[in-house]
Amino acid sequence: MFFVWCNAQIGSTMKRSNLQSVNHNQDCAKKLKTIHLPEEGNSFILETLSQHHDKPFPFFKEPKEIGSFSIDEKRQFQNDRRQLRIYTPPSNMKNCHFDLRLGYSSMIKKDESIYNYLNNLLSWIMSNKQTVTNLPSKTNDQKTDKFERLNTDFVCWRGLLTKLACIPYENKEDILLAVINFRGTYYMCEYHTESKVEQIKNETPRQKEMCAWGFKFEQYMTADRNLGVPVTNVPVNTNVEFGSVACTRLGNHSLLFGAEVDCEDLGSTDSNKYVELKTCRITESQRQYENFCKYKLIKWWVQSFLIGVRHIICGFRDDRGLVQYLEDFSVSKIPSIVQETLQQPWRPNVCFNFLKAFLDFIKANIADDSRWEFPFITLS
């Protein structure tokens with residue numbers, strides 16, 4: 001197992017066993033994040049300065065869904081699509097008035113102390129052996145009928161890929177991930193950092209309630225396909241999930257990843273009918289709107305683009321948790337919106353060039369079947 005520590009906070013000091021410090025002056029630290037492999041005795045410089053990755057968009061194959069799964073009310077894996085909801089927008093998207101605080105006291109909440117890691121994704125792989133072994137061949141590798149060797153370079157969750165792709169523009173959060181190279185496939189899994197654990201531990205009741213508003217919004221906007229209409233007078237159960245499993249290729253890297261999906265639009269003519277649902281505070285000034293474009297839209301775009309989602313529906317709410325109106329963001333148009341709004345806009349090609357560079361590093365530095373190696377890497 002191989003741990004990667006992405007320290008996004010410039011100048012902070014991290015202490016870990018087997019970690020040899022890498023000293024750079026502050027100016028260098030602002031431009032570079034240095035990955036150091038203490039046991040190997042070598043260093044690899046991975047520049048995160050956005051200008052370094054501002055080159056043509058790398059080859060990215062349109063993602064293809066190869067399967068799906070559901071997590072039921074008891075957090076049990078189900079190899080089916082029972083939890084997939086259908087998109088049911090209100091008749092007037094500009095005047096909807098959804099109360100996101102309604103029913104919060106009776107909400108059924110999943111146990112956040114139990115971290116799933118890659119378990120559900122691995123359960124899907126084990127339940128779909130024929131699908132997995134029929135994937136297109138790995139880079140420079142011949143196809144095999146043996147299930148023991150997957151025909152993909154990387155297996156992970158979409159959320160991790162999203163965080164990695166945003167690193168050139170995001171310097172607020174650390175990322176800690178483990179990488180296992182097992183029989184030629186790299187399994188990448190994110191772990192909670194110490195700061196994240198403290199953040200969760202110190203959440204106020206108000207913060208916990210606001211985190212739950214997104215689940216209530218989904219209840220207003222979706223329906224069970226057998227009923228066809230939203231039911232909002234029953235407790236929200238945050239245990240249930242629907243997951244899509246997709247494969248794609250970035251540069252010379254093949255990827256298989258899982259992604260939680262909110263709902264599908266049965267009336268859509270798009271090849272990908274999934275819809276992403278978001279909530280955001282109403283922007284009341286130009287500065288707030290610019291921050292929305294700078295910090296929110298980059299994550300929303302990367303997250304949706306990775307799996308081929310075409311539309312993001314955002315419910316704009318006030319501080320009381322009342323959604324006033326909805327806005328439909330076409331994923332393909334988000335980069336243009338940002339370009340027109342920000343003086344220094346984030347660039348999609350930078351995000352995906354950095355993600356490719358990170359995957360290049362993983363392949364170059366982790367040996368085959370290195371399951372029990374624990375050198376820590378710091379990006380500082």
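Please refer to the structure placed before this passage.
Predicted model only: the values in this text are computed from it and were never measured.

Novice: In this structure, what is going on with the side chain of histidine 253? I would like to understand it.
Specialist: Within the secondary structure, histidine 253 sits in strand β13 (residues 253-260). Classification of histidine 253 by relative accessible area gives buried; the value is 1%. Reaching out from histidine 253, the side chain makes a polar contact with the side chain of asparagine 252 at a distance of 3.3 Å. At a separation of 3.1 Å, a polar atom in the side chain of histidine 253 contacts the side chain of lysine 363.

Novice: When you look at the nonpolar core in this model, what are you seeing that I'm missing?
Specialist: Soluble globular proteins tend to bury their nonpolar side chains together. Counting 55 residues, the largest nonpolar core has Leu161, Leu177, Met188, Phe292, Leu297, Ile334 and Ile362 as the members making the most contacts within it. With residues near it in sequence (within four places) discarded, leucine 161 still touches Cys156, Met188, Leu255, Phe257, Leu306 and Leu355. By size, the runner-up hydrophobic cluster in this structure holds 16 residues, among which are Leu118, Leu135, Leu150 and Cys247.

Novice: Quick question: what am I supposed to make of the environment of cysteine 96 here?
Specialist: Take cysteine 96: it is sitting in the loop between β6 (86-87) and β7 (98-99). Residue cysteine 96 is classed as buried on the basis of its relative accessible area of 13%. Residues cysteine 96 and leucine 322, 226 residues apart in the sequence, show an inter-C-alpha distance of 9.2 Å. If we ignore the near neighbours within four places in the chain, the residues touching cysteine 96 are Pro90, Val323, Gln324, Tyr325 and Leu326.

Novice: What is the right way to look at a nonpolar patch on the surface in this model?
Specialist: A grouping of Leu227, Val229, Val231 and Val234 is seen on the molecular surface, where their side chains present a nonpolar patch of about 330 Å² in accessible area. Residue valine 234 is classed as partly exposed on the basis of its relative accessible area of 41%.

Novice: How should I be thinking about unusual backbone geometry in this particular structure?
Specialist: Across residues other than glycine, the phi torsion is negative in most instances, and most of the peptide bonds are trans. The phi dihedral of tyrosine 117 falls on the positive side, at around 55 degrees, and the residue is not glycine. In this structure, tyrosine 117 sits in the loop between β7 and α2 (119-127). With phi around 55 degrees, arginine 183 is a residue other than glycine that occupies positive phi space. By secondary structure assignment, the location of arginine 183 is in the loop between β9 (175-182) and β10 (185-191).

Novice: Hey, could you run me through the pairing of β10 in this one?
Specialist: Two faces belong to every sheet, and in a regular strand the side chains alternate between them. Across the 7 residues that make up β10, a large majority, 6, are buried. Where strand β8 (residues 154-157) and β10 come together, 2 bridges link them in parallel fashion. Note on β10: the bridge partner recorded for phenylalanine 154 is tyrosine 186. Strand direction decides the pairing type here: β9 and β10, joined by 7 bridges, are antiparallel. By the bridge assignment, phenylalanine 182 is partnered in β10 with threonine 185. Where β9 hands over to β10, the hairpin turn is made up of 2 residues, of which arginine 183 adopts a positive phi near 55 degrees.

Novice: For this particular structure, what's the right way to read the packing of aromatic side chains?
Specialist: The description of an aromatic ring pair uses the distance of the two centres, along with the angle that the planes make with each other. Applying the stated criterion across every chain yields a total of 23 aromatic pairs. An angle of 70 degrees between the planes, with centres 5.2 Å apart, marks the rings of phenylalanine 60 and phenylalanine 352 as edge-to-face. Within this pair, whereas phenylalanine 60 is found in the loop between β3 (42-47) and β4 (64-71), its partner phenylalanine 352 is found in helix α9 (residues 348-365), the two being separated by 292 residues in sequence. Accessibility expressed as a relative area gives 0% for phenylalanine 352, which makes it buried. Judged by centre distance (5.2 Å) and plane angle (45 degrees), the rings of tyrosine 117 and tyrosine 191 are tilted. Of this pair, tyrosine 117 sits in the loop between β7 and α2 while tyrosine 191 is found in strand β10, placing the two residues 74 residues apart along the sequence.

Novice: What is the right way to read the pairing of β13 from this model?
Specialist: The element β13 is extensively covered by neighbouring structure, given that 7 of its 8 residues are classed as buried. Pairing analysis gives 4 bridges linking β8 to β13, with the strands arranged parallel. Residue pairing for β13: tryptophan 157 is matched across the bridge by glycine 258. As paired elements, strand β12 (residues 241-250) and β13 share 8 bridges and run antiparallel to each other. Along β13, the bridge assignment pairs cysteine 247 with leucine 256. As consecutive antiparallel partners, β12 and β13 are separated by 2 residues, and within that stretch glycine 251 has a phi angle of approximately 60 degrees, a positive value.

Each value, and the rule that gives it
- Residues numbered from 1 in each chain as written.
- Predicted model: local features only at pLDDT ≥ 70, side-chain atom pairs only at ≥ 80, totals over all residues.
- Heavy atoms only, no water.
- Helix = DSSP H or I, 4+ residues; strand = E, 2+ residues; numbered from the N terminus.
- Buried < 20%, exposed > 50% of the residue type's maximum accessible area, 1.4 Å probe, protein only.
- Polar contact = N/O pair within 3.5 Å; in protein donor to acceptor, adjacent residues only side chain to side chain.
- Core = buried A, V, L, I, M, F, W, Y, C linked by side-chain atoms within 4.5 Å.
- Contact = heavy atoms within 4.5 Å.
- Patch = residues over 30% accessible without salt bridge, like charges linked within 9 Å, V, L, I, M, F, W, Y side chains within 5 Å.
- Areas by Shrake-Rupley, 256 points an atom, 1.4 Å probe, with all protein chains shown as cover.
- Salt bridge = Lys/Arg side-chain N within 4 Å of Asp/Glu carboxyl O.
- Pairing = 2+ DSSP bridges.
- Phe/Tyr/Trp six-rings, centres within 6.5 Å; stacked < 30°, edge-to-face > 60°.

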